[in-house]
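Next come the chains, spelled out residue by residue.
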Amino acid sequence: MPSADDIARAELAALNERGLLRTLEPLRSRAGAEIELRPGERLINFSSNDYLGLAGDPRIAQALADGALQWGAGAGASRLICGDFLPHHELEEALARFEGAEAVTLFNSGYAANCGCLPSLAGPADLIVSDELNHASIIDACRLSRARIEIYRHADAEDATRALRLPARRKLLITDAIFSMDGDRAPLRELARACAREGAILAVDEAHATGVLVLEHRAELRMATHSKALGVVGAHVAASRAVCDLLVNRARPVVYSTALPAALARATLEAVRIASSPEGDERRAQLWRNVTRFAGGLRALGLPAREQSPIFPVLVGAPEKAVQVATRLRERGIFAKAIRPPTVPAGTSRIRFALTAAHNDAHLDAALSALRSAC
């Protein structure tokens, strides 16, 4: 009988042989447009989802520190036991205003939000219709629900409509708003119409959209993380008051997880304040100026580029080639990670560039110059 160590060694060797082995490499600096990995190695960072450049903001760090001094470092229990603090409620109220929603329920991560929300509303007698390129957390949430799962072709509203016509007690369609590996947007207007026709609930994971753009359709269920544009950690579901009350009672990540620290709620409140202020508007404007400039630069290099989000994939094919290109970029001062299966389908390994409001023209031009040489 092989030991756990034997199994791990064999699996790691197999990953390495296929060019899919991953390792950790700690940052020696705070998050930002420029980072340090090895001592003295300064790199322009294009692998972060810190879209508004808030992750390293000293005001948010100060709010976290002040919150820790007042409320302590941990919550001590789940919210339904004795881990529910006033800052949690203050944050939920602020997020509801920010989202234009009736109510919000906090979760510890976007992964937890999806895995808590879908199984709370759908079960074995129900149907969940899911985009084929949805995030792994959505895939796992669908499995946990034990509902019938129908996968529709990526961003294809007609194929989604076909799936929604299958009989079920309840029907729910789930999609990412912005797809994290391709940077394209879901056809939310068409999907909303299909759900209305077929009596289905529309659920949208807005992880890469929250704080970045205003979506054309407000779904009945909206999941969002705080770890991207807001620059902190945690997540929420925005919905009706009744849905949020149900999540408090039924969502297992809420019921059975220690709550987020109250200090973190204070930090997130500060992030929401900035994101919803005129400063936040200017940060978004700078982000979209960067998107336009970078997309034009990619097209000048003969590479396809859509200005739908701050995410730009440069497809290279084989995982080994993606690692080689990422290494050559790093040698030229650009940190842009290779993305390989199973995160993306086989044969579509890529370099994924993610832009932020903290990037300037010199950063973008340096990336385009390095890319010209590396590919």
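Keep in mind that what you see is a predicted model, and the values were worked out from it rather than measured.

Cut-off values and rules
Residues numbered from 1 in each chain as written. Predicted model: local features only at pLDDT ≥ 70, side-chain atom pairs only at ≥ 80, totals over all residues. Heavy atoms only, no water. Helix = DSSP H or I, 4+ residues; strand = E, 2+ residues; numbered from the N terminus. Rg over C-alpha atoms; globule rule 2.2 N^0.38 Å. Buried < 20%, exposed > 50% of the residue type's maximum accessible area, 1.4 Å probe, protein only. Contact = heavy atoms within 4.5 Å. Areas by Shrake-Rupley, 256 points an atom, 1.4 Å probe, with all protein chains shown as cover. Lys, Arg positive; Asp, Glu negative; His and termini not counted. Charge placed at Lys NZ, Arg CZ, Asp CG, Glu CD. Right-handed = clockwise from strand over helix to strand, strands pointing away. Pairing = 2+ DSSP bridges. Salt bridge = Lys/Arg side-chain N within 4 Å of Asp/Glu carboxyl O. Disulfide = S-S within 2.5 Å. Axes fitted to C-alpha atoms, helices over the stretch in contact; angles between N-to-C directions. Phe/Tyr/Trp six-rings, centres within 6.5 Å; stacked < 30°, edge-to-face > 60°. Expected span 1.5 Å × (residues − 1).

Some details on the overall build of the chain
- Each helix and strand in the chain was counted, giving 13 helices and 13 strands.
- Here the chain has a C-alpha radius of gyration of 21 Å; the compact-globule value for 375 residues is 21 Å, and the two agree.
- Each of the three principal axes of the chain carries a C-alpha extent, and together these read 55 × 55 × 50 Å.
- By residue count, 53% of the 375 residues in the chain fall in the buried class.
- In the chain, once contacts between residues fewer than 6 apart in sequence are set aside, the share between residues at least 24 apart is 67%.
- Of the roughly 17,200 Å² that the chain leaves accessible, carbon and sulfur atoms contribute 53%.
- Computing the positive centroid from 46 side-chain charges and the negative centroid from 44, the chain places the two 2 Å apart.

Points about the pairing of strand E4 (residues 127-131)
- Extensive coverage of E4 is indicated by the burial of 5 of its 5 residues.
- Neither face of E4 is exposed, since Leu127, Val129 and Asp131 on one face and Ile128 and Ser130 on the opposite face are all buried.
- The parallel pair E4 and strand E5 (residues 148-152), bridged by helix H5 (residues 136-145), forms a crossover whose chirality is right-handed.
- By the bridge criterion, 4 bridges tie E4 to strand E6 (residues 171-176) in an arrangement that is parallel. Bridging from a neighbouring strand, Leu127 pairs with Lys171 of E6.

What about the pattern of salt bridges?
- Counted according to the given criterion, the structure contains 28 salt bridges.
- The closest approach of N and O atoms between Asp140 and Arg143, which form a salt bridge, is 3.3 Å. Placement of the pair is Asp140 and Arg143 together in helix H5, with a separation of 3 residues, close to one helical turn.
- Classification of Asp140 as partly exposed rests on a relative accessible area of 24%.
- Between Arg293 and Asp365 there is a salt bridge, with the nearest N and O atoms lying 2.9 Å from each other. With Arg293 in helix H11 (residues 278-300) and Asp365 in helix H13 (residues 361-374), this residue pair connects regions lying 72 residues apart in the sequence.
- A relative accessible area of 36% means that Arg293 is categorised as partly exposed.
- Three or more residues are tied together by salt bridges with common partners; here these are Glu25, Arg38, Glu41 and Arg330.

What about the state of the cysteines?
- Evaluation of the coordinates by the stated rule reveals 0 disulfides.
- The structure places no disulfide on Cys117, whose sulfur is separated from the nearest cysteine sulfur, that of Cys244, by 8.6 Å.
- Its relative accessible area of 0% is what places Cys117 among the buried residues.
- Here Cys195 stays unpaired: no disulfide links it, and the sulfur of Cys142, its closest cysteine neighbor, is 13 Å away.
- Judged by its relative accessible area of 3%, Cys195 falls in the buried class.

Section: the sheet that holds strand E13 (residues 349-354)
- Ordered in space as E10-E13-E12, the 3 strands form an open sheet in which the pairing is antiparallel. The open sheet has two free edges, formed respectively by strand E10 (311-317) and strand E12 (338-339), since each of these has just one partner strand.
- Sitting on the sheet, helix H12 (residues 319-331) is in contact with E10, E12 and E13, with an inclination near 40° to E13.

A few points about the sheet that holds strand E1 (residues 34-36)
- Strand order in this open sheet of 3 strands is E1-E2-E11, and the pairing throughout is mixed. A strand with exactly one partner marks an edge of an open sheet, and here the two such strands are E1 and strand E11 (334-335).
- Where strand E2 (residues 42-45) lies against E11, 2 bridges are found, and the strand directions are parallel. When the bridges of E11 are listed, Asn45 appears paired with Phe335.

A few points about the packing of aromatic side chains
- In the structure shown here, the tally under the stated rule is 5 aromatic pairs.
- Here Phe46 and Phe294 contribute two aromatic rings whose centre-to-centre distance is 6.2 Å and whose plane-to-plane angle is 15°, an arrangement assigned as stacked. With Phe46 in the loop between E2 and helix H2 (58-71) and Phe294 in helix H11, this residue pair connects regions lying 248 residues apart in the sequence. Note on accessibility: Phe46 and Phe294 belong to one class, buried.
- Between Phe46 and Phe353, the aromatic rings sit 5.7 Å apart at their centres with planes inclined by 65°, giving edge-to-face as the arrangement. Remark: Phe353 occurs in strand E13 and Phe46 occurs in the loop between E2 and H2; sequence separation between them is 307 residues. Per residue, the accessibility class of Phe46 equals that of Phe353, and both read buried.

Concerning helix H10 (residues 262-275)
- With 14 residues, H10 extends 20 Å from end C-alpha to end C-alpha; this agrees with the ideal 20 Å at 1.5 Å per step.
- The element H10 is extensively covered by neighbouring structure, given that 11 of its 14 residues are classed as buried.
- Residues of H10 that are buried: Ala262, Ala263, Leu264, Ala265, Ala267, Thr268, Glu270, Ala271, Val272, Ile274 and Ala275.
- Lining the buried residues of H10 we find H2, helix H3 (86-99) and H11.

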